[in-house]
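What follows is the residue order along each chain.
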Amino acid sequence: MRGRSDGGEKKRLITSVCVLGVFIGFVYFYYGSIFGSHGRGASALEYGTRSLRKLGTSYLGGDDESDAKQDGSNFGREDGDDVAIRKSFPVCDDRHSEIIPCLDRNLIYQLRLKLDLSLMEHYERHCPPPERRYNCLIPPPSGYKIPIKWPKSRDEVWKANIPHTHLAHEKSDQNWMVVKGEKIEFPGGGTHFHYGADKYIASIANMLNFSGNNLNNEGRLRTVLDVGCGVASFGAYLLSSDIIAMSLAPNDVHQNQIQFALERGIPAYLGVLGTKRLPYPSRSFELAHCSRCRIDWLQRDGILLLELDRLLRPGGYFAYSSPEAYAQDDEDLRIWREMSDLVGRMCWTVAAKRNQTVIWQKPLSNDCYLQRQPGTRPPLCRSDDDPDAVWGVSMEPCITLYSDHDHRFKGSGLAPWPARLTTAPPRLADFGYSNGMFEKDTELWRRRVESYWNLLSSKIQSDTLRNVMDMKAHLGSFAAALKGKDVWVMNVVPEDGPKTLKVIYDRGLIGTTHNWCESFSTYPRTYDLLHAWNVFSDIEKKGCSAEDLLLEIDRISRPRGFVIIHDKVSVIDFVKKYMMALHWETVATTDSSSESDQDGDEVVLIVQKKLWVTSESLRDAE
């Protein structure tokens, strides 16, 4: 009896241990896949780009999902090296389909950053440290559709692509947007222009006595900064007047406003007037605009208004539509008096004031600044202050003087648009470039873009592309070559190179400064075409991860969008090893030897991003 009992107990013990082992294994692999690979119910933060694991959530695309890994920062390996080709990437949790890594509020909480909310620091860039970077593919939302083509997209988008309708209800009396069935429509209204942005724009031109009530003023007004832009209808309706606006808003309580703008095909950027300079050079815009943008312009000795002053060209305008400009209650009158006093000390004058809007104008030269009484505030900026240094640079409550050229000529000396695009601007001399070098660069990129389009011809039609990014823009000649296309280009200039972004703005184009070792300030699925000329080679020199850059390019590319990678052969070979993992397919590849532009061993690879969904998204859609 004792033997049989002991044997039964052993069997039960062994069975219990086995069951417990199976249970522990199940918990380990289940939760390990969730927490390690951004599964449902977990943070989407992965610890390190070298510890990728395949996610349990599958994706539908028919690609081989066999697991492998490769160091993403070395392009120089020979073919014979023992390096596995990556065949799959994990997929982020569906709830992170709109993640912006450097503007992620959850990251701020997790890292316990001590930020001053009153100064809007929580809306500024705070990027994840290397061990907490995303290294997974961002899935599209359930029911995602290829975006509606421009120009129809100005007025309507698919609701499934941006499934957020709270703005339609919150701003229902202001005609921002209206939900109609499967679409969200944009009537063109705004907080201070309920009856349409087009009429509002014409009224501003009328206030300034511009001919034909056309705000472009015969090509002399080309670049605009719209602060607190909402869904960017102001910028949308400027385009028909050959004016391009950088529509700017933070990822705040109206968190999807910039996402709507970009889905519509309108130039826009996530940013905030907080403590850092905006990523644009001095004297970039002819007009700044704020329509009920809810910014306290008087704070910190007027530092935010002085940031606008830095960005405005000589003679530039600030159009301000807000209760302070017309209301008669005590508080609004107080703010109006203090703002009038501040801009007066900044040498701004009232160009026009009507109804709900006032338009101030900057002086054309330094004369007023130099004639102010000693001790007048705000002070002039120090002589060693570089007004074009913007990446991570704190704002200063001071007035930026014009260059000797602008002061002497009483203006920027720019040609009217569209001649401005191909006319060498005066600030070109800041880099030691001659007019001949400028013309040569323009012609070089005209030929390159023609070659690109020939390679893309089988895949695109006239309306296929709308949002384009040049990831290393130099003088903006890639964008200049696209003038005949119905596209707009976000020109990106590296933060550590020559500050050529001011030349790009002087050509009548727009752009920003960025470090490609970090994530870009935009939503996923933003751009139809990205152009990466030597971008991978640049970050290799910095010691940053090329694998991270590939994932970032994939994040901001629209499904069925294109990427042009123009780089050395080893970079192209490296990218090709990741094509299957990224669900990219080759459109064309060619060497650059035929271009006779001294590219050496550089190669052009054009890829297209496939449209894929997770199995979870598919089940949700069903």
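Before reading on, note that the structure itself is shown above.
All values derive from a computational prediction rather than experimental measurement.

Draft legend 1. Region of interest: the state of the cysteines. All told, the structure shown has six disulfides when counted by the stated rule. Through a disulfide, Cys 290 is tied to Cys 293; the S-S separation comes to 1.9 Å. Since a negative S-S torsion denotes a left-handed disulfide, the Cys 290-Cys 293 link at about -90° is left-handed. By relative accessible area, Cys 290 is classed as buried at 1%. Note on cysteine connectivity: Cys 517 is disulfide-linked to Cys 544, with sulfurs 1.8 Å apart. Because the sign of the S-S torsion sets the handedness, a value of about 90° for the bond joining Cys 517 and Cys 544 places this disulfide among the right-handed ones. With Cys 517 in the loop between strand S14 (510-514) and strand S15 (527-533) and Cys 544 in the loop between helix H14 (535-542) and helix H15 (546-556), the pair connects residues that are 27 residues apart, well separated along the chain. No difference in accessibility class separates Cys 517 from Cys 544, as the two residues are buried. When the bonded cysteines of the protein chain are counted from the start of the sequence, the pairing works out to 1-4, 2-3, 5-6, 7-8, 9-10, 11-12.

Draft legend 2. Region of interest: the sheet that holds strand S17 (residues 584-591). Spatially, the seven strands line up as an open sheet ordered S14-S13-S12-S15-S16-S18-S17, and their pairing is mixed. Of all the strands in the sheet, just S14 and S17 have a single pairing partner and so form its edges. Along the sheet, successive strands turn relative to each other by an average axial angle of 15°, direction set aside. Pairing analysis gives four bridges linking strand S12 (residues 467-470) to strand S13 (residues 488-494), with the strands arranged parallel.

Draft legend 3. Focus on the packing of aromatic side chains. Per the stated rule, a full pass over the model turns up 24 aromatic pairs. Note on Trp 488 and Tyr 527: the rings are 5.8 Å apart at their centroids and 55° apart in plane angle, and the pair reads as tilted. Of this pair, Trp 488 sits in strand S13 while Tyr 527 sits in strand S15, placing them 39 residues apart in sequence. Here Trp 488 matches Tyr 527 in class, with each residue buried.

Draft legend 4. Focus on the side chain of His 126. Structurally, the position occupied by His 126 is in the loop between helix H2 (105-111) and strand S2 (156-158). At a separation of 2.7 Å, a polar atom in the side chain of His 126 contacts the main-chain carbonyl oxygen of Glu 121. Ignoring sequence-local partners within four residues, the contact set of His 126 consists of Pro 101, Cys 102, Leu 107, Ile 108, Leu 113, Leu 115 and Glu 121.

Draft legend 5. Here's a closer look at the environment of Ile 572. Mapped onto the elements of the fold, Ile 572 is located in helix H16 (residues 569-576). Take Ile 572: its relative accessible area is 2%, and that puts it in the buried class. Sequence-wise, Ile 572 and Leu 605 are 33 residues apart; in three dimensions their C-alpha atoms are separated by 6.8 Å. Apart from residues lying up to four places away in sequence, Ile 572 is in contact with Ile 565, Asp 567, Val 603 and Leu 605.

Draft legend 6. Local environment of the environment of Cys 517. Among the residues examined, Cys 517 registers a relative accessible area of 15% and is labelled buried. Sequence separation between Cys 517 and Cys 544 is 27 residues, and the spatial gap between their C-alpha atoms is 5.8 Å. In this view, Cys 517 contacts Arg 133, Ile 539, Lys 542 and Cys 544; residues no more than four positions away in its chain are not counted.

Draft legend 7. Region of interest: a nonpolar patch on the surface. Residues Leu 370, Leu 380 and Leu 401 make up a contiguous nonpolar surface patch of roughly 240 Å² in combined accessible area. With respect to the secondary-structure elements, Leu 370 resides in helix H9 (residues 367-370). Residue Leu 370 is classed as exposed on the basis of its relative accessible area of 56%.

Draft legend 8. Looking closely at the environment of Ser 365. Here Ser 365 lies in the loop between strand S11 (357-361) and H9. Each C-alpha atom, one on Ser 365 and one on Ser 412, is 9.9 Å from the other, the two residues being 47 residues apart in sequence. Apart from the residues lying within four places of it in its own chain, the contact partners of Ser 365 are Tyr 402, His 407 and Lys 410. Engagement of the side chain of Ser 365 in a polar contact is seen with the side chain of Asp 367, the distance being 3.2 Å.

Draft legend 9. Inspection of the side chain of Ser 233 at higher detail. With respect to the helices and strands, the residue Ser 233 is situated in helix H5 (residues 233-238). By relative accessible area, which is 2% here, Ser 233 ends up buried. Among all residues touching Ser 233, those that are not within four sequence positions of it are Gly 188, Gly 189, Ala 197 and Arg 264.

Draft legend 10. Representation of unusual backbone geometry in the model. The amide bond that connects Trp 150 to the next residue, Pro 151, takes the cis arrangement and shows omega of 10°. Tracing the backbone shows Pro 151 in the loop between H2 and S2. The omega angle of the peptide bond from Trp 417 to Pro 418 is 10°, so this bond is cis rather than trans. By the element assignment, Pro 418 lies in the loop between helix H10 (404-409) and helix H11 (435-456). With a phi angle near 50°, Arg 300 is a residue other than glycine that sits in the positive phi range. Secondary-structure assignment places Arg 300 in helix H7 (residues 299-311).

Draft legend 11. Quick peek at empty space enclosed by the protein. Enumeration according to the criterion identifies eight cavities of 30 Å³ or more in this entry. Classifying every residue of the lining of the largest cavity by side-chain character gives four nonpolar, three polar and two charged. Approximately 60 Å³ is the volume found for the second largest cavity. Considering the residues around the second largest cavity, the lining is formed by Ile 138, Pro 139, Pro 140, Pro 524, Arg 525, Asp 554, Arg 555, Pro 559, Lys 609, Lys 610, Leu 611 and Trp 612. Here the residues of the lining of the second largest cavity are counted per class, giving seven nonpolar, no polar and five charged.

Calculation rules
- Along each chain, residues carry numbers from 1 onward, in the same order as the chain's sequence is written.
- Note on the predicted model: pLDDT of at least 70 is required for a residue's local features to be given, and 80 or more for side-chain atom pairs to be given and counted; whole-chain, interface and lining totals, by contrast, use all residues.
- Only hydrogens and water are set aside when side-chain values are computed; all heavy atoms of the structure are taken into account.
- Criterion for a disulfide: a pair of cysteine sulfur atoms within 2.5 Å.
- The cut-offs for exposure are 20% and 50% of the maximum accessible area for each residue type, with area from a 1.4 Å probe on protein chains only; residues under the lower value are buried, those over the upper are exposed, and the others partly exposed.
- Helix and strand assignments come from DSSP, with helices taken as H or I runs of at least 4 residues and strands as E runs of at least 2, each series counted from the N terminus.
- Pairing between two strands is assigned when DSSP locates at least 2 bridges connecting them.
- Note on definitions: angles span 0 to 180 degrees between N-to-C directions of axes, and those axes are lines fitted to C-alpha atoms, for helices only across the stretch in contact.
- Under the pairing criterion, centres of Phe, Tyr and Trp rings, with the six-membered ring standing for Trp, must be within 6.5 Å; the plane angle then separates stacked pairs below 30 degrees from edge-to-face pairs above 60, leaving the rest tilted.
- Polar contacts, as counted here, are pairs of nitrogen or oxygen atoms within 3.5 Å of one another; within protein the pair requires one atom able to donate a hydrogen and one able to accept it, and residues that are adjacent in sequence qualify only if both atoms are side-chain atoms.
- Here a residue-residue contact requires only that any non-hydrogen atoms of the pair lie within 4.5 Å.
- Note on patches: the residues involved have over 30% relative accessible area and no salt bridge, like charges join within 9 Å, and the nonpolar side chains Val, Leu, Ile, Met, Phe, Trp and Tyr join within 5 Å.
- Under the convention used here, a 1.4 Å probe and the Shrake-Rupley method define accessible areas, while residue burial counts only the protein chains that appear.
- In what follows, salt bridge is the name for a side-chain nitrogen of Lys or Arg lying within 4 Å of a carboxyl oxygen of Asp or Glu.
- Cavities and pockets were defined on a 1 Å grid built from protein atoms only: a cavity is a group of points that admits a 1.4 Å probe but offers it no way out, a pocket is an open group of points flanked by protein on both sides within 12 Å along at least five of seven lines, and a lining residue is one with an atom within 4 Å of any such point.
- Grid points are joined across faces, edges and corners, and a volume is the space filled by probe spheres set on the points.
- Here the term charged refers only to Asp, Glu, Lys and Arg, the term nonpolar to Ala, Val, Leu, Ile, Met, Phe, Trp, Tyr, Cys and Pro, and the term polar to all other amino acids, Gly among them.

Just distances and angles here, no functional claims.
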